[in-house]
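Reading the structure
Below, each chain spelled out in residue letters.
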Amino acid sequence: MQIDLIQEARRQAEICNACRYCEGYCSVFPALHRERAFADGDITQLANLCHNCRGCYYACQYTAPHEFDLNLPKALAEVRRDSWESYAWPQPVARRFHTYGGAVALSLVVGITLTFLALRFIGSRDGNGFYAVLSHNAMVAIFLPAFLFPLVSLAKSLRQYWRAVGGQTLRFRDISAALSMVAQMKDLAAGHGDGCNYEDEDRFSHARRFAHQAIMYGFLLCFAATSVGTVMHYVLDMPAPYAIWSVPKVFGLTGGVLLTVGCGWMAALKIRAERNLGDARAWGGDLGFIALLGFVAFSGLMLYALGSTAAMPVLLALHLGSVLSFFLITPYTKMAHGFYRLTALIREAQQK
């Protein structure tokens, strides 16, 4: 990891540790105040506990023009991004992604192109619904490796992170405590419960918390729809297409709406937010990924609406191309932060 980023975050953490004004603001400050000195792993852990709510910045009396020039949200955001890049596998891809936000758009174009080629050369006219365009076996052959790759990559990355922050043997109670924090997005409510100062300077708001919840629960519902469909196909011998009121479609439609709305909301908040309080270098990549994730959901909803029309093959190609792009770049994007923050919260539960 970059030593200059670690050293600057350590300097600011030591000043915060002496002040303690923000002691109850979020998970960062109880963890910070337990220490008297900060090893590199401690700084990395603090960075991944931080949700960039920015409440500490607007409460701080030592921000610029004070000589201490504190900007802890930015310092931790830069260390956080650097930790994802340093622990990512394979590493060079991660650094290129965050340096060039246009990689998101490029991945999307490549994914769509590859899918169009698949539709042209592997298409099947013997199936029903979507399978009349691309056979079930072809979909499995394309997307199963693409689904497994990010899981393997993230597992390797998180293993390195766990070692760096001194993680211990996992216990159910620690995992349960971390999942409870994630389910409520508690740190995005801040310690006072009034929400973040993210999108409008020192005005408190729960908007970012609710947008994150819409994205998270929308994604989980979409994943549940795919999982239920897989069980119905392989275990219950009930292949697609499914009726509109079937479990896969109800989960998928609800999740798609939540995900589309959440991503649009989050993108609007990010555009309004002050870039100097986050990692400016990662801004383009983060916004590009949010747009990609939102397009995955939106294109899926368009398939629901227009799946029986002549536009279906093109919409299917767009949707599958965006899904393929999403899978392939997941370990190097904002999507990885959810896994890192969950891991950081588990480590924090252990230290409590």
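Attention here is on the structure that accompanies the text. Position labels on residues start from 1 in each chain and follow its written sequence. Only residues with pLDDT of 70 or above have their local features reported here, since the model is predicted, and side-chain atom pairs are shown and tallied only from 80 upward, although totals for entire chains, interfaces and linings are computed over all residues. To get the side-chain values, all heavy atoms of the structure are used, and hydrogens and water are removed first.

**As for the overall build of the chain**
- Numbering of helices and strands runs from the N terminus, with a helix taken as a DSSP run of H or I at least four residues long and a strand as a DSSP run of E at least two residues long. A count of helical and extended segments in the chain gives 14 helices and 0 strands.
- Tracing the chain from N to C terminus, the helices and strands come up as α-α-α-α-α-α-α-α-α-α-α-α-α-α.
- The rule is simple: take the accessible area with a 1.4 Å probe, protein chains only, and divide by the maximum for that residue type; under 20% is buried, over 50% is exposed, in between is partly exposed. Looking at the chain as a whole, 50% of its 352 residues are labelled buried.
- Sequence-distant contacts, at least 24 apart, represent 73% of the contacts inside the chain between residues at least 6 apart.
- Surface accessibility of the chain: about 16700 Å² in total, with carbon and sulfur atoms responsible for 64%. The contact rule is simple, with two residues in contact once any of their heavy atoms fall within 4.5 Å. Throughout, the Shrake-Rupley method with a 1.4 Å probe supplies accessible areas, and for residues the shown protein chains are the sole cover considered.

**Observations concerning the packing of helix α9 (residues 172-184) against helix α10 (residues 207-234)**
- The interhelical angle for the contact between α9 and α10, taken along N-to-C directions, is 115°, at an axis separation of 9 Å. The pairing of α9 with α10 is recorded here as roughly perpendicular in orientation. Of α10, the residues touching α9 (which contributes Val182, Ala183 and Gln184) are Arg209, Gln213, Met216 and Tyr217.
- Here the nonpolar group is Ala, Val, Leu, Ile, Met, Phe, Trp, Tyr, Cys and Pro; Asp, Glu, Lys and Arg are the charged ones; every other residue, Gly included, is treated as polar. Taken together, the residues that form the contact of α9 with α10 break down as 4 nonpolar, 2 polar and 1 charged. Each axis is a line fitted through C-alpha atoms, and for a helix only the stretch in contact is used; angles between axes span 0 to 180 degrees, taken between their N-to-C directions. Convention used here: angles under 35 degrees read as roughly parallel, angles over 145 as roughly antiparallel, angles from 65 to 115 as roughly perpendicular, and any remaining angle as oblique.

**Some thoughts on helix α3 (residues 40-49)**
- With 8 of 10 residues buried, α3 is to be regarded as a mostly interior element.
- When α3 is considered as a whole, its buried residues turn out to be Gly41, Ile43, Thr44, Gln45, Leu46, Ala47, Asn48 and Leu49.

**Focus on the environment of Met216**
- For Met216, the position within the fold is in helix α10.
- Each residue touching Met216, except ones within four places of it in the same chain, is listed here: Val182, Ala183 and Met185.

**Looking at empty space enclosed by the protein**
- The method works on a 1 Å grid over the protein atoms by themselves. A cavity is a set of points holding a 1.4 Å probe that cannot get out, a pocket is an open set with protein on both sides within 12 Å along at least five of seven lines, and residues with an atom within 4 Å of a point line them. Grid points are joined across faces, edges and corners, and a volume is the space filled by probe spheres set on the points. On inspection of all chains with the given rule, the structure shows 2 cavities of 30 Å³ or more.
- Cys16, Cys22, Cys56, Cys60 and Leu70 are, among the 19 residues lining the largest cavity, the residues nearest its centre.
- Counting only elements with at least two residues in the lining of the largest cavity, the list comes to α1 (3-19), α2 (28-33), α4 (55-59) and α5 (72-87).
- Partitioning the lining of the largest cavity into residue classes produces 14 nonpolar, 3 polar and 2 charged.
- In this structure, the second largest cavity encloses a volume near 90 Å³.

**Let's talk about the packing of aromatic side chains**
- Note on aromatic contacts: the rings of Phe and Tyr and the six-membered ring of Trp form a pair at centre separations within 6.5 Å, being stacked when their planes are under 30 degrees apart, edge-to-face when over 60 apart, and tilted otherwise. Under the defined criterion, the tally for this structure stands at 11 aromatic pairs.
- The interplanar angle of 70° and the centroid separation of 6.2 Å between the aromatic rings of Tyr87 and Tyr161 together place this pair among those described as edge-to-face. Here the residue Tyr87 occupies a position in helix α5, and Tyr161 occupies one in helix α8 (residues 136-164), the gap between them amounting to 74 residues. In this structure, Tyr87 and Tyr161 share a single accessibility class: buried.
- An angle of 20° between the planes, with centres 5.8 Å apart, marks the rings of Phe289 and Phe326 as stacked. Placement of Phe289 in helix α12 (residues 283-306) and of Phe326 in helix α13 (residues 312-329) is noted, with a sequence separation of 37 residues between them.

**As for the pattern of salt bridges**
- Note on definitions: salt bridges are taken to be side-chain nitrogens of Lys or Arg within 4 Å of carboxyl oxygens of Asp or Glu. Per the counting criterion, the structure on display carries 8 salt bridges.
- Where Arg171 meets Asp174, a salt bridge forms, and the shortest distance between an N and an O atom there is 2.8 Å.
- Overall, the relative accessible area of 4% leaves Asp174 in the buried class.
- The salt bridge partner of Lys334 is Asp286, with a shortest N-O separation of 3.8 Å.

**Describing unusual backbone geometry**
- The linkage connecting Ala64 with the following residue, Pro65, adopts the cis geometry, with an omega of 15°.
- If you trace the backbone, Pro65 turns up in the loop between α4 and α5.
- The omega torsion of the bond from Trp89 to Pro90 falls at -10°, within 30 degrees of zero and hence cis.
- Following the sequence through the fold, Pro90 ends up in the loop between α5 and α6 (91-99).
- The backbone of Asp237 sits at a positive phi, close to 55°, despite the residue not being glycine.
- Note on placement: Asp237 falls in the loop between α10 and α11 (247-272).

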